[in-house]
Amino acid sequence: MLSPAEIRRIARLARIEVDDAQVAALGPELNAILGMVEAMQAIDTAGVEPMSHPQAFAQRLREDAVSEPDRRAEYQSVAPQVEDGLFLVPKVLE
Amino acid sequence: MNDNPPLAELSRRLRTRKVSSVEATRHYLDRIARLAGPLNAFLTVDAEKSLAQARAADERIARGEASPLTGVPIAHKDLFCASGWRTTCGSRMLENFVAPYDAHVIEQFDRAGAVLLGKTNMDEFAMGSSNENSFFGPVRNPWDAAAVPGGSSGGSAAAVAARLAPAATGTDTGGSIRQPASFTGISGLKPTYGRVSRYGMVAFASSLDQGGPLAQSAEDLALMLGVMAGFDARDSTSVDRPKDDYAARLGAGVKGLRIGVPREYFTQDLAADVAGPIREAIRELVRLGAREVPVSLPNQHLAVPVYYVIAPAEASSNLSRYDGVRYGYRAPEYGDLADMYAKTRAQGFGAEVKRRILVGTYVLSHGYYDAYYLQAQRVRRLIARDFAAAFEACDVIAGPAAPSVAFDLGARTQDPVQMYLDDLYTIPINLAGLPGMSIPCGFGARGRPVGLQVVGNYWDEARMLALGHAFQQATDWHKRVPPGYG
């Protein structure tokens, strides 16, 4: 099933740092979950439409007009680092 | 006030001015201060804010502008954003997050004049079935301090069971209202998908999540649902369908009601001390005029595997927003941007959340998407079709909410998969998007409660609540209070 290299790859995709001990612990845990899931993979579903959610919804549309007030200051009041209305983050590459 | 009445009774007393909202709110704040500690049911309480709302409610009542929930203190699962209130989702990631806006559900309660009593503990980001996954420590079952209350709405369930709040809100993605209701001997309802707006209800799995009430009785659930339900244009999955007058329809009774009992429910995996009360509850409903009909849900055994592909997949997408940039936890030390993301998420999330994000990322990744995610969605449709076929022969489906009574704290934490498999009765209902309710129907081993799950067809909450009400007029399981909390 999942090798340590694959676990590291998935963790990178998920942007979650994992150390060697965590990779070792995650192996059996993730493999147990994927093992349990295997039961449904063998089922013959030829011709069955995937069901992405319970209702036969179509995406509701609305007028292309501004409907929300500007609440930037309020929403940014909870941010870790803000300056001049911009969210501050470290450089992309060190 | 010297008792802990059901919501319907408290509502009557408030409207006839026998008690004020300030008195009632003080009563529950006092109980929380005295009793909530060992249960760890509450994460945030703010007496001043609650009492200010209570005063406003009393003024509204005096003006003759009250509605059923005006002045009633309600506890809210800490998944609902409430403006100015800390909203943690049971996670370090949002430990200090003060929501800058109200969820639709919070707005609905506000419009009704209810009082926000406090925010309840929960499994982190709603991922869990025991409330042992909270960053803030586990919640204990008021019936037995050694037992879990269930999850993920464990704090809300414990609060209602211990009469620390007349009622509470919860959310249910794979059983997180119904299973804790079952484990703590109270009533809980997951409405039809699309009935309650998810705006401001922090997302776990968007095609499965639904907010709903926990309370002492079906009558109370009806009053709560009357406030919570309703179309909201800000939730793209909210359905524009008028809500029923749930309270008005409570007295319909169960004469002639066809109760489907799936043969797949009664296997050797169902504990005998649960099967007994469930069968007796169904017999009681037949005594009240219903008819038992055998039905089959042939793909029942696939529901848990399907869910543990779809829910983690959706969670991996929904939780990608937690990156330390706009809100929430940011790692104290980091190098570049990628490092900040990776450390923030490694430190901010607990183990169960990380496990599910990783599973979800894997099943959506290139080369695996078809075999896992698309396949799960196809099997999901088979499961939904099973229910549609069963509902040709019956009006509601009845069975257990869980395969056992509440287990001990720590009993399942070593084996996540075993915990997942215990959600076998509740998960299929979320996959199909149907409404599901759990009402207390007895006690099993060690005096721990047993819940009867009732599943309705789409939008049939009124009929389910009427069944619950009829059952609760003939029995008194819902009136039982854990020792020490009367």
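For clarity, every value in this text was computed on a predicted model and none was experimentally measured.

Caption draft 1: Quick look at the overall build of chain A. Summing up its helical and strand segments, chain A has three helices and two strands in all. Secondary structure of chain A in N-to-C order comes out as α-α-α-β-β. Compactness check: chain A gives a C-alpha radius of gyration of 22 Å against a globular reference of 12 Å for 94 residues, more than 25% above the reference. Principal axes of the C-alpha set define a box for chain A whose edges measure 50 × 45 × 20 Å.

Caption draft 2: Summary view of the overall build of chain B. Looking only at helices and strands, one finds 15 helices and 11 strands in chain B. Its C-alpha atoms give chain B a radius of gyration of 21 Å, near enough to 23 Å, the size a compact globule of 486 residues would have. Seen along its three principal axes, the alpha-carbon backbone of chain B occupies a region of about 60 × 55 × 45 Å. If you take every contact in chain B between residues at least 6 apart in sequence, the share linking residues at least 24 apart comes to 76%.

Caption draft 3: Quick peek at unusual backbone geometry. The omega torsion of the bond from Gly151(B) to Ser152(B) falls at 10°, within 30 degrees of zero and hence cis. When you line up the elements, Ser152(B) lands in the loop between strand S3 (115–120) and helix H5 (154–161). One non-glycine residue, Asp84(A), lies in positive phi territory at about 50°. Relative to the helices and strands, Asp84(A) resides in the loop between strand S1 (82–83) and strand S2 (86–87).

Caption draft 4: Representation of the sheet that holds strand S7 (residues 258–262) of chain B in the model. Residue and element names in this part refer to chain B. Strands sit in the order S1-S3-S2-S4-S6-S5-S10-S11-S9-S7-S8 across an open sheet of 11 strands; the sheet is mixed. Among the strands making up the open sheet, the edge pair consists of strand S1 (42–44) and strand S8 (291–295). If you compare each strand with its neighbour and ignore which way they point, the axes differ by 30° on average. As paired strands, strand S10 (residues 436–443) and strand S11 (residues 449–456) are joined by seven bridges and run antiparallel to one another. Bridge pairing links Pro-440 to Gly-451 in S11. Of the strands in this sheet, S7, S8 and strand S9 (396–400) touch helix H12 (residues 370–393), which is tilted by about 145° from S8. Against the sheet, helix H15 (residues 461–474) makes contact with strand S5 (187–190), S9, S10 and S11, and its axis sits at roughly 145° relative to S11, the strand it touches most.

Caption draft 5: Spatial organisation of the interface of chain B and chain A. With 54 residues of chain B in contact, the opposing surface of chain A contributes 44 residues. When contributions to the side of chain B that touches chain A are tallied by element, the ones reaching two or more residues are helix H9 (303–318), helix H10 (337–348), helix H11 (351–364), H12 and helix H13 (416–421) of chain B. Ranked by residue count, the leading element in the side of chain B that touches chain A is H12(B), at 11 residues. The class makeup of the residues in the side of chain B that touches chain A is 32 nonpolar, 12 polar and 10 charged.

Caption draft 6: Inspection of the nonpolar core at higher detail. Residue and element names in this part refer to chain B. Core analysis: the largest hydrophobic core is formed by 171 residues, its most contacted members being Ile-74, Ala-159, Val-160, Ala-165, Val-306, Val-309 and Val-396. The biggest single contributor to this core is H9, with 10 residues. Not counting residues within four places of it along the chain, the set of residues in contact with Ala-165 comprises Tyr-28, Pro-73, Ile-74, Ala-75, Leu-117, Ala-159 and Val-160.

Caption draft 7: Fine view of the pairing of S3(B). All names here are of chain B. Among the six residues of S3, six are classified as buried, and the element is accordingly described as predominantly covered. The pairing of S1 with S3 spans two bridges and is classified as antiparallel. Bridging across to S3, Thr-44 finds its partner in Lys-119. Alignment of strand S2 (residues 73–77) against S3, held across five bridges, turns out to be parallel. Across the sheet, the residue bridging to Ile-74 is Leu-116, located in S3. Note on the crossover from S2 through helix H4 (residues 104–112) to S3: the handedness is right-handed.

Caption draft 8: Focus on helix H7 (residues 218–228) of chain B. All names here are of chain B. Burial runs high along H7: 11 of the 11 residues are buried. For H7, every residue scored as buried is listed here: Ala-218, Glu-219, Asp-220, Leu-221, Ala-222, Leu-223, Met-224, Leu-225, Gly-226, Val-227 and Met-228. Of the residues flanking the end of H7, it is Gly-230, one or two places downstream, whose phi is positive at about 145°.

Caption draft 9: Spatial organisation of the packing of helix H2 (residues 21–39) of chain B against helix H3 (residues 47–62) of chain B. Residues and elements named next belong to chain B. Axis separation between H2 and H3 bottoms out at 8 Å; the angle between their running directions is 155°. Classified by the angle their axes make, H2 and H3 are roughly antiparallel. Here H2 runs over H3; the crossing is right-handed. Contact residues: Ser-21, Val-22, Thr-25 and Leu-29 in H2; Ala-47, Ser-50, Leu-51, Ala-54, Arg-55, Ala-57 and Asp-58 in H3.

Caption draft 10: Local environment of the environment of Ile10(A). Here Ile10(A) lies in helix H1 (residues 4–13). Leave out the neighbours within four places in its chain, and Ile10(A) touches Leu358(B), Thr361(B) and Tyr362(B).

Caption draft 11: Broad picture of H9(B). Given a rise of 1.5 Å per residue, 16 residues ought to cover 22 Å, and the 22 Å separating the end C-alpha atoms of H9(B) matches this to within 8%. Of all 16 residues making up H9(B), 14 are buried, and the element is well covered by its neighbours.

Caption draft 12: The pairing of strand S4 (residues 167–172) of chain B, seen in detail. Residue and element names in this part refer to chain B. With six of six residues buried, S4 lies mostly within the body of the structure. Across the two faces of S4 the burial is the same, with Ala-167, Thr-169 and Thr-171 and Ala-168, Gly-170 and Asp-172 all buried. Two strands pair when backbone bridges link them, and S2 and S4 are joined in this way by two bridges, in the parallel orientation. Within the sheet, the bridge partner assigned to His-76 lies in S4 and is Thr-169. Bridge analysis of S4 against strand S6 (residues 210–215) gives six bridges, and the strand direction is antiparallel. Following the sheet pairing, Thr-171 is matched in S6 by Gly-211.

Caption draft 13: The arrangement of the environment of Ala21(A) in detail. Inspection of the secondary structure puts Ala21(A) in helix H2 (residues 20–41). Once the C-alpha coordinates of Ala21(A) and Pro69(A) are considered, the two residues, 48 residues apart in sequence, prove to be 48 Å apart.

What counts, and where the lines are drawn
Residues numbered from 1 in each chain as written. Chains lettered and ligands numbered in written order. Predicted model: local features only at pLDDT ≥ 70, side-chain atom pairs only at ≥ 80, totals over all residues. Helix = DSSP H or I, 4+ residues; strand = E, 2+ residues; numbered from the N terminus. Rg over C-alpha atoms; globule rule 2.2 N^0.38 Å. Contact = placed C-beta atoms within 7 Å. Pairing = 2+ DSSP bridges. Axes fitted to C-alpha atoms, helices over the stretch in contact; angles between N-to-C directions. Nonpolar A, V, L, I, M, F, W, Y, C, P; charged D, E, K, R; others polar. Core = buried A, V, L, I, M, F, W, Y, C linked by C-beta atoms within 7 Å. Buried ≥ 20, exposed ≤ 12 C-beta atoms within 10 Å, placed from the backbone. Right-handed = clockwise from strand over helix to strand, strands pointing away. Parallel < 35°, antiparallel > 145°, perpendicular 65-115°, else oblique. Left-handed = near helix turned anticlockwise from the far one by under 90°. Expected span 1.5 Å × (residues − 1).

All we've got here are geometric facts, nothing functional implied.
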